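# Structure at a glance
If you want the building blocks of each chain, they are given just below.
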Amino acid sequence: MSVVMRAFAFAEQVADFGVETFNSLISSPLTITICAYISQIFTVLNIPPKLHPSPEHFITSLWCTLVTLVLYYILAGRTHMAQRRMLRKDLKMAAERMVELEEKLLSLNKKKNKKDKAEGKPIRIFMDGAFDMMHYGHMNAFRQGKSLGTHLIVGVNSDESITRCKGAPVMNDQERLTAVEGCKFVDEVIPAVPYVMTSQYLDYVIKKYKVDYVVHGDDPCIVDGKDVYESAKKEGMYQSIPRTEGVSTTDIVGRMLLMTKDHHKTEKGGLISGNSNEDDDDSGDDEILGYSSKFLTTSRMLRLFSAGVKAPTEGMKIIYMDGSWDMFHAGHISILNAARKRGDYLIVGVHSDVIVNKYQGSNLPIMNLHERVLSVLGCKFVDDVLIDAPYILTPEMIASLKIDEVVRGTATPTDEQLRYVCAIKAGVYHKIESPSNFNLRMITKRIKENQIRFEEKIKKKKKKEAEYYDEKYSQSETYRATSGSN
């Protein structure tokens, strides 16, 4: 009985304390002042005096809200956070599994072509697209297409046909052609291919360019109710490849429009709290109009893009060029081509997200380190990539990489005496004329000028992507639990 009595006494003390606290809050000058302000606002809004909050009503509402939040956290909050962590883990595993399945699918398709390859017969592959604001997703599609044969032909849609079907592209014909031609997986480029190909046009391409297989993404391509690739499928000349999840031209434009830094990573893999050669644009007051990257970089993807990378041999002249290489574009490709011509082996340094944001500001870089590394690795003029390259070169680095010449373009200024002082003293620093002045600022300007159109396009794209991921991962219990799917 004594224990029960003590329990009742304690409960009574707690209740008395709660009542005393409640009464003190009601009579608090702060509470009375807040209620007075609210009453003034309600009076302006012509809300009847009987609906104006009294101190008792205000404190009661506040108390109920706090209790509700605490109960939610105790009963459901921690469970939801655990489910979100499980979802992130599931998505990472799914991405790795998807890459494995993708390679198995491609290996099965390769077996079909093995006999022809063994006999030395070239197998010519055809792909087509707009390839606007060329990125590593496009390059990965080219890599998959090239792996099915020996010679990859890429058709690039014309500005006119793209504009007629879905609005003007960000990049013009020549800029998109330069980007596609600069990819190491591409052997031949066909300009001015119509955005909507008819089966007759496809037959023309197959015959003229002696195409063995037509390759396209796993999404359907229907024109006037008919499959564009129907004839190729009937002839057994069609093969599909899976899309690279988490990246698209619309996604990248979205990052620029939303002004976030969520796609950045520190050396430890977290978000940064907040240089290049051909894109060291000083942001100044201009806002770079982004949302976080959904692309899950795996070591396997890096290895696939690094296929064919070989160490320099004795006697080779090694050239080094560093930068942020953000939004890898035609200007980058032209300067890398010029740098490669100066030697036998070109090493390209890619600066970290932290370094780029420190010196360029805003929400730069638009593409995170992993994405920029893949883009540079996909360039045909690059022999190797130095990941997370130092902003200031050191004598030790030059000696370790056996660099014979450090080059930089003239398109953008930088503090040469700070960054390249050791190369200057060693007599290995050279500034070369930039073949193109095209840069990230120009891309940003074009997007700003068409911001409303791009925002509408992004809304539609995000809805389609949500439906895509919901359908693809709907079998995952964790995904259904965290996404609210039934």
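Whatever comes next refers back to the structure up there.
A brief report on the enclosed structure follows. (Residues numbered from 1 in each chain as written. Predicted model: local features only at pLDDT ≥ 70, side-chain atom pairs only at ≥ 80, totals over all residues. Heavy atoms only, no water.)

### Notes on the environment of Asp-353
Structurally, Asp-353 can be placed in helix α12 (residues 353–360). With relative accessibility at 1%, the residue Asp-353 sits in the buried group. C-alpha separation for the pair Asp-353 and Ser-324, spaced 29 residues apart in sequence, amounts to 8.3 Å. (Helix = DSSP H or I, 4+ residues; strand = E, 2+ residues; numbered from the N terminus. Buried < 20%, exposed > 50% of the residue type's maximum accessible area, 1.4 Å probe, protein only.)

### A short note on the packing of aromatic side chains
Within this structure, the stated rule accounts for six aromatic pairs. Geometrically, the ring pair formed by Tyr-229 and Tyr-238 is tilted, given 5.3 Å between the ring centres and 35° between the ring planes. In terms of burial, Tyr-229 and Tyr-238 fall into one category: buried. Note on Tyr-420 and Tyr-429: the rings are 5.0 Å apart at their centroids and 25° apart in plane angle, and the pair reads as stacked. (Phe/Tyr/Trp six-rings, centres within 6.5 Å; stacked < 30°, edge-to-face > 60°.)

### Points about helix α13 (residues 369–377)
Of all the nine residues making up α13, eight are buried; the element is thus mostly covered by neighbouring parts of the structure. Of all the positions in α13, only Leu-369, Glu-371, Arg-372, Val-373, Leu-374, Ser-375, Val-376 and Leu-377 are classed as buried.

### Here's the deal with the nonpolar core
Of all hydrophobic cores here, the largest spans 64 residues; its most connected members are Met-133, Phe-142, Leu-336 and Ile-443. Take this core: its biggest share by element is five residues, from α13. Residues in contact with Phe-142, not counting those within four places in the same chain, are Met-127, Phe-131, Met-134, Leu-152, Val-154, Val-180, Cys-183, Phe-185 and Val-186. (Core = buried A, V, L, I, M, F, W, Y, C linked by side-chain atoms within 4.5 Å. Contact = heavy atoms within 4.5 Å.)

### Points about the pattern of salt bridges
A full pass over the atoms with the stated rule returns 14 salt bridges. Put simply, Lys-234 and Glu-230 hold a salt bridge, and the shortest N to O gap is 3.3 Å. Separated by four residues within a single helix, Lys-234 and Glu-230 lie in helix α8 (residues 230–234), roughly one turn from each other. In this structure Lys-234 comes out as exposed when scored by relative accessible area, which is 65%. Linking Glu-371 and Arg-255 is a salt bridge whose minimum nitrogen-to-oxygen distance equals 2.7 Å. With respect to class, Glu-371 is no different from Arg-255; both count as buried. The structure contains a network of salt bridges with shared partners spanning Asp-159, Asp-173 and Arg-176. (Salt bridge = Lys/Arg side-chain N within 4 Å of Asp/Glu carboxyl O.)

### Some details on the sheet that holds strand β3 (residues 188–193)
Pairing in this open sheet of five strands is parallel, and the strands run β3-β2-β1-β4-β7 from one edge to the other. Two strands close off the open sheet at either side, each with one partner strand: β3 and β7 (238–241). Pairwise comparison of adjacent strand axes, ignoring direction, gives a mean angle of 25° for this sheet. Pairing between strand β2 (residues 151–157) and β3: four bridges, direction parallel. Bridge assignment links Val-154 to a residue of β3, and that residue is Val-189. Helix α6 (residues 173–181) contacts β2 and β3 of the sheet and is inclined by roughly 165° relative to β2. (Pairing = 2+ DSSP bridges. Axes fitted to C-alpha atoms, helices over the stretch in contact; angles between N-to-C directions.)

### Considerations on a nonpolar patch on the surface
A cluster of nonpolar side chains, namely Trp-63, Val-67, Val-70, Leu-71, Tyr-72, Tyr-73, Ile-74, Leu-75 and Met-81, defines an oily patch on the protein surface of about 920 Å² accessible area. Its location among the elements puts Val-67 in helix α3 (residues 55–118). (Patch = residues over 30% accessible without salt bridge, like charges linked within 9 Å, V, L, I, M, F, W, Y side chains within 5 Å. Areas by Shrake-Rupley, 256 points an atom, 1.4 Å probe, with all protein chains shown as cover.)

### Overview of empty space enclosed by the protein
The space that makes up the largest cavity amounts to roughly 90 Å³. Residue lining of the largest cavity: 14 residues in total, with Met-133, Met-134, His-135, Met-327 and Phe-328 positioned closest to the centre. Of the residues that constitute the lining of the largest cavity, the class distribution is ten nonpolar, three polar and one charged. The space that makes up the second largest cavity amounts to roughly 50 Å³. If you trace the second largest cavity, you find it lined by Phe-131, Met-133, Met-134, Met-171, Glu-175, Arg-176, Ala-179, Phe-328, His-329, Ala-330 and Phe-438. With three residues, the top contributor of residues to the lining of the second largest cavity is α6. (1 Å grid on protein atoms, 1.4 Å probe; cavity = no way out; pocket = protein on both sides within 12 Å on 5 of 7 lines; lining within 4 Å. Points joined across faces, edges and corners; volume = space filled by probe spheres on them. Nonpolar A, V, L, I, M, F, W, Y, C, P; charged D, E, K, R; others polar.)

Everything listed here is a matter of geometry and, on its own, says nothing about what the molecule does.
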